[in-house]
Amino acid sequence: MASRRRMLLKVIILGDSGVGKTSLMNQYVNRKFSSQYKATIGADFLTKEVQFEDRLFTLQIWDTAGQERFQSLGVAFYRGADCCVLVHDVNVMKSFDNLNNWREEFLIQASPHDPENFPFVVLGNKIDVDGGNSRVVSEKKAKAWCSSKGNIPYFETSAKEGFNVEAAFQCIAKNALKNEPEEEVYLPDTIDVGGGRQQRSSGCEC
Amino acid sequence: MSSDDAHSSSSEHDSTDQNPNPSTSIDQSLDAIEGQLTSISLNHRNSPLPEPPIPPPHHGIGDTLPSDAHSQVEEVGAVEKSGSDVEVENSVSRGEGVLWRNSSDVEGEVEGQGSPSSSGYAGGKGTSSSSGVSGSGIEEISGDEVDQGEGGIRSGSFGGSVDSEWVPGKRHVNEDDASVSWRKRKKHFFVLSHSGKPIYSRYGDEHRLAGFSATLQAIISFVENGGDRVKLVRAGKHQVVFLVKGPIYLVCISCTEEPHESLNEQLELLYGQMILILTKSINRCFEKNPKFDMTPLLGGTDAVFSSLIHSYSWNPATFLHAYSCLPLAYPTRQAAGAILQDVAESGVLFAILMCKHKVISLVGAQKASLHPDDMLLLANFVMSSESFRTSESFSPICLPRYNPMAFLYAYVYYLDADTYLMLLTANPDAFYRLKDWRIRIEMVLLKSNVLNEAQRSMLDGGMHVEDLPVDPSPRSGSLSSHLGQPRPPPDSADRCKALLGGPCGLWHFIYRSIYLDQYVSSEFSSPINTPKQQKRLYRAYQKLYTSMHDRELGPHKTQFRRDNNYVLLCWVTQDFELYAAFDPLADKALAIKTCNRVCQWVKDVENEVFLLGASPFSW
Ligand SMILES: Nc1nc2c(ncn2[C@@H]2O[C@H](COP(=O)(O)OP(=O)(O)O)[C@@H](O)[C@H]2O)c(=O)[nH]1
Ligand SMILES: [Mg+2]
């Protein structure tokens, strides 16, 4: 089971619907892109093995849907996440404005140990659209927000063209890994049999 | 018995009828059983045996299980829960409105006949590590393929069977949920954390099943969010059974047709095995850190879990919640018990001497009693961990039924290839003291020939149905004396001889003593001599046990079933439970009479097949 000593990292992808979360995940894991839009319902899960600094680990990617009726799942979905990826569409201002809500929502629901230092990564997606002409969220603006939230790493991506996707996920993996706490020593109690049994035992060797 | 003739004539009619109409035959058979099974209870205090059988206790017939109860049980709703489960039910059992999609379309696996994912990307199948497997395998898994992982050659009786070919440890590590072979496995077991991280999978690599594991977590959490609990999902031939233990989720997916109650108990034992290794304090780690990964703490225990799961298909202790003893002459067991008693009085909590899965003797310190499930899990842990065989060991273990929160320490020593001694203490510094005790115990056991006797018993086996005495005499309480007894009973009816197996077509039996928490089963003999037949009989008993203990319909006193494979007879009293399998053509009245004889026989040899009385005298 554990002799392989690999680590499993749980990664949550959040952002408004339509920004390209599912596409990014599919581009990263399957190197495929579909321009057909199919709303994610509930959640999708993908896994990918990643090599990083001589260590093999598994990314378990949780791609959640934006539908209202699944919001209640937050706690269950976010529990135990190692990294949270916030995605916006650089062509839609609203999706960028909502990053703050997504981040806060995540921190409330997942209630990580050290919220200040919980690893987030922000992706500005769909930079390919219209050759960049329809873009409304500038790189500068996005980076400013990221640095105001404790220097969140920022990547500009195109799920369609596979641009920067690999690099972004490498960073996601790295940050998830960094956040791994020191292995605690596991020390459960020993039974206290109680009364004189223990004491009596030492003296009774016939 | 004088009423035999009257009953046998009516029963003979049944015996030619492979499918008796339950509504007409059940009353007859119950009458017959009630009337003829005499109450023979075991005596636990070694007082003299009562001479003639006591008149039967008056058991109501009204509360007996109708013979079609099986189908009733099977009709339990698809999702056993109340409340807002609609969406889960839809997505999992019908394949519509899929809520959660794993990269490999696991709902396909679950439902067995549904259409591949109705949402999501066509390209989203297969994890990155094993790409190229298309979803076309989905249709195939509904077939009832022979399970490649569960079988195993067995010999001997249920209780002490030795698998000559079954090898513990995880197999098929290269599979994942996208593999057709993985999907075809008949029975999967998963353990995952409440954050959806895989902890254990019977087949396949845990990491490659991370997506599947997340799907399971999503299903459990979704239902839990509605303030409910998902316990069972039926999907085609598959049953998906869930067990939530705090931060640890256990799931069984099976198309073995075992009752879901049994699958649930198997998950309970799997959880117990995990607790035995780590204690329930593991929950605190999850409280402190939801990301907690417990797999490193379980390092090297694959064999422990695989052998436990394997025992679900051959070891009756897993559903009877009772242990079995190695058959031994009374003085031999007494000699072993006496020395263990001395150890227990010196501050050891439990002293246990076992031969494979069977107990030679067992002594607990004052008031401490060992639950049969704990014994099962402990024995499984010791036997499946190779390291215990090679040297004396001192290992922290937890007995989940004794105290799930804390560790005990087990001194384990193999006295020979099969026989091992376990001394459990709460004192972490007791190793050397226990080592000294072991040396003394070993000397006593050698002097009183216990180890040789144990080896002999392993070879000879215990109760063979062929040796069932015709006229059990109350004073001939010895297994070995029955061995030499002339077999063909002169007074038995001719039809009796025509059948295979023991007298009157008796093929096998299990007798469980309720007070003792122990059971004894007969050795397998013709015609139950292939692993496949043994497993089928095991499953039949398991089903019978479940139906006898059904909480809604039961408790039941007697049950008589006849199908193409067997006549199965079950009789439950306050003191014991008897499960017996007969030739399908066996005469009903004679079968009932034979059960009486079996009970008397067990009673005659109880000194040898059971561990009686807690406090043997000290030397
Ligand atoms: N041009 C372009 N379209 C994209 C890109 N990423 C996603 N899309 C499209 O945007 C739509 C929504 O994508 P999807 O991944 O389903 O978004 P989600 O709701 O966040 O999962 C789909 O039609 C995609 O084809 C991208 O980088 N460039
Ligand atoms: Mg999506």
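Worth saying up front: this structure is predicted, and the values here are computed from it rather than measured. (Residues numbered from 1 in each chain as written. Chains lettered and ligands numbered in written order. Predicted model: local features only at pLDDT ≥ 70, side-chain atom pairs only at ≥ 80, totals over all residues. Heavy atoms only, no water.)

Quick notes on the overall build of chain A
Argument step 1. The secondary structure content of chain A amounts to 7 helices and 7 strands.
Argument step 2. Reading the secondary structure of chain A in the N-to-C direction produces β-α-β-β-α-β-α-α-β-α-β-α-β-α.
Argument step 3. Scored against the burial criterion, the 206 residues of chain A give a buried share of 52%.
Argument step 4. In chain A, of all internal contacts separated by at least 6 residues, the share reaching a separation of at least 24 is 72%.
Argument step 5. Accessible surface, chain A: about 9500 Å² in total, of which carbon and sulfur atoms supply 49%. (Helix = DSSP H or I, 4+ residues; strand = E, 2+ residues; numbered from the N terminus. Buried < 20%, exposed > 50% of the residue type's maximum accessible area, 1.4 Å probe, protein only. Contact = heavy atoms within 4.5 Å. Areas by Shrake-Rupley, 256 points an atom, 1.4 Å probe, with all protein chains shown as cover.)

Section: the domain arrangement of chain B
Residue and element names in this part refer to chain B.
Argument step 1. Assigned domains within chain B: domain 1 (2–314), domain 2 (323–457) and domain 3 (462–609).
Argument step 2. Domain 1 puts 22 residues into the contact, and the matching count from domain 2 is 21 residues.
Argument step 3. Carbon and sulfur atoms supply 66% of the area buried between domain 1 and domain 2, which totals about 1700 Å² over both sides.
Argument step 4. In this assembly, domain 1 and domain 2 are joined by 0 salt bridges. (Domains from an automatic or database assignment. Buried area = accessible area lost by both parts, 1.4 Å probe. Salt bridge = Lys/Arg side-chain N within 4 Å of Asp/Glu carboxyl O.)

Describing the site of ligand 1
Argument step 1. Surrounding ligand 1, one finds 21 residues, the nearest of these being Gly18(A), Lys21(A), Thr22(A), Ser23(A) and Asp128(A).
Argument step 2. This site is not confined to one chain, since residues near ligand 1 come from chains A and B.
Argument step 3. Between ligand 1 and the protein, one listed contact pairs an oxygen atom with a backbone N or O atom of Val19(A) at 3.4 Å.
Argument step 4. Residue Gly20(A) places a main-chain N or O atom 3.0 Å away from an oxygen atom belonging to ligand 1.
Argument step 5. Summarising the interface, the protein chains cover 91% of the accessible area of ligand 1, which totals 580 Å² for the free molecule. (Near = heavy atom within 4 Å. Polar contact = N/O pair within 3.5 Å; in protein donor to acceptor, adjacent residues only side chain to side chain.)

Structural notes on the sheet that holds strand S6 (residues 248–254) of chain B
Residues and elements named next belong to chain B.
Argument step 1. Reading across from one edge, S3-S2-S6-S5-S4 is the order of the 5 strands in this open sheet, with antiparallel pairing throughout. For this open sheet the edge positions go to strand S3 (198–201) and strand S4 (232–235), each flanked by a neighbour on one side alone. Taking each pair of neighbouring strands and ignoring which way they run, the sheet shows an average axis angle of 15 degrees. (Pairing = 2+ DSSP bridges. Axes fitted to C-alpha atoms, helices over the stretch in contact; angles between N-to-C directions.)

Quick look at helix H8 (residues 260–278) of chain B
Argument step 1. For H8(B), built from 19 residues, the straight-helix expectation of 27 Å at 1.5 Å per residue is met to within 8% by its first-to-last C-alpha distance of 27 Å.
Argument step 2. Following H8(B) by one or two positions, Thr279(B) adopts a phi angle in the positive range, close to 65 degrees. (Expected span 1.5 Å × (residues − 1).)

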